[in-house]
Amino acid sequence: MKILGICGSPREGNTLFLLEKALGACKEFGAETELVHAGLLKIAPCKACGGCKDTGICVQKDDMTPIYDKMKVADGILLASPVYMGGVSAQLKALMDRTRALRIKFELRNKVGAGIAVGGFRNGGQETALQQIFNYFLIQNAIVVADEATSHYGGVGHGYNAGDCEKDEYGIKTTQNTARNMIKVIKLIKGETEEEIKNW
Ligand SMILES: Cc1cc2nc3c(=O)[nH]c(=O)nc-3n(C[C@H](O)[C@H](O)[C@H](O)COP(=O)(O)O)c2cc1C
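All values reported here derive from a predicted model rather than from experimental measurement.

Reading the values: rules and limits
Residues numbered from 1 in each chain as written. Predicted model: local features only at pLDDT ≥ 70, side-chain atom pairs only at ≥ 80, totals over all residues. Heavy atoms only, no water. Core = buried A, V, L, I, M, F, W, Y, C linked by side-chain atoms within 4.5 Å. Buried < 20%, exposed > 50% of the residue type's maximum accessible area, 1.4 Å probe, protein only. Helix = DSSP H or I, 4+ residues; strand = E, 2+ residues; numbered from the N terminus. Contact = heavy atoms within 4.5 Å. Near = heavy atom within 4 Å. Polar contact = N/O pair within 3.5 Å; in protein donor to acceptor, adjacent residues only side chain to side chain. Areas by Shrake-Rupley, 256 points an atom, 1.4 Å probe, with all protein chains shown as cover. 1 Å grid on protein atoms, 1.4 Å probe; cavity = no way out; pocket = protein on both sides within 12 Å on 5 of 7 lines; lining within 4 Å. Sits in = over half its atoms within 2 Å of the grid points. Nonpolar A, V, L, I, M, F, W, Y, C, P; charged D, E, K, R; others polar.

**Student:** It is not clear to me how the nonpolar core should be interpreted in this structure. Could you clarify?
**Tutor:** Side chains of a nonpolar character, in soluble globular proteins, are inclined to be buried together. Ranked by size, the top nonpolar core spans 32 residues in total, and within it Ile6, Met71, Leu79 and Leu95 carry the most contacts. Elements that contribute at least two residues to this core include exactly β1 (2-7), α2 (65-73), β3 (76-82), α3 (90-98), α4 (100-103) and α5 (126-139). Counting residues per element, this core draws most heavily on α5, which supplies six residues. If near-sequence neighbours (up to four positions away) are discounted, Leu95 is found in contact with Ile6, Ala38, Ile43, Met64, Ile67 and Met71.

The following block contains the structure:
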């Protein structure tokens, strides 16, 4: 089972920290994981040229190019973003838009998707950023999962300066629960029964 984690922050801060926690949990449950720090890569926005419409292949060649294959082979995709103006970062949004190419043939159909969002202490927007991530997965016909243990939608981090989320117990907990639920749902899709997975 392969889980791909994509970090949409342009720095090595809270989002990366929580995504690493999530992927650590996935590994504990036996998954193979890979992290792509998209926020540090050069991924241009979609140009709306329509070049992908017949082929399913984006005509722009940049750091997005190898990510298509990573997304195609993943069983689960975790999108992690800092909250920027109540939504996801521009860096993550550019990646999401560029996967219009994968939607041509619905290449993300029935993959399991989940989200992690980190916002400052006194602001907000984690849930609206997560909602944006969920809409993305639904548009791709993927299956959305959340944190099964709390009422939260997914990984919900509170932190402003890089390093803050190391003390954010709730963020770590919701993130790890979300990762666990992602693995569980993938196992069910792959044919394991509730009985087989109930004790972990
Ligand atoms: C352009 C920008 C917009 C932001 N907008 C919000 C916001 O709407 N709500 C919020 O809670 N925090 C907001 N923040 C704060 C970040 O979400 C916060 O610092 C977060 O920890 C960044 O994650 P990182 O450490 O992974 O980069 C914003 C930060 C930036 C740079």
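**Student:** Would you explain the site of the ligand in this entry?
**Tutor:** Around the ligand, 17 residues are found, and the nearest of them are Ser9, Thr15, Gly124, Gly159 and Tyr160. One nitrogen or oxygen atom from the main chain of Met85 is found 2.9 Å from a nitrogen atom belonging to the ligand. Notes on the ligand: free accessible area 640 Å², of which the protein chains cover 79%. Taking a 2 Å distance to the grid points as the criterion, the majority of the atoms of the ligand fall inside the largest pocket. Contributions of two or more residues to the shell around the ligand are made by α1 (14-28) and β4 (112-119). Taken together, the residues of the shell around the ligand break down into six nonpolar, ten polar and one charged.

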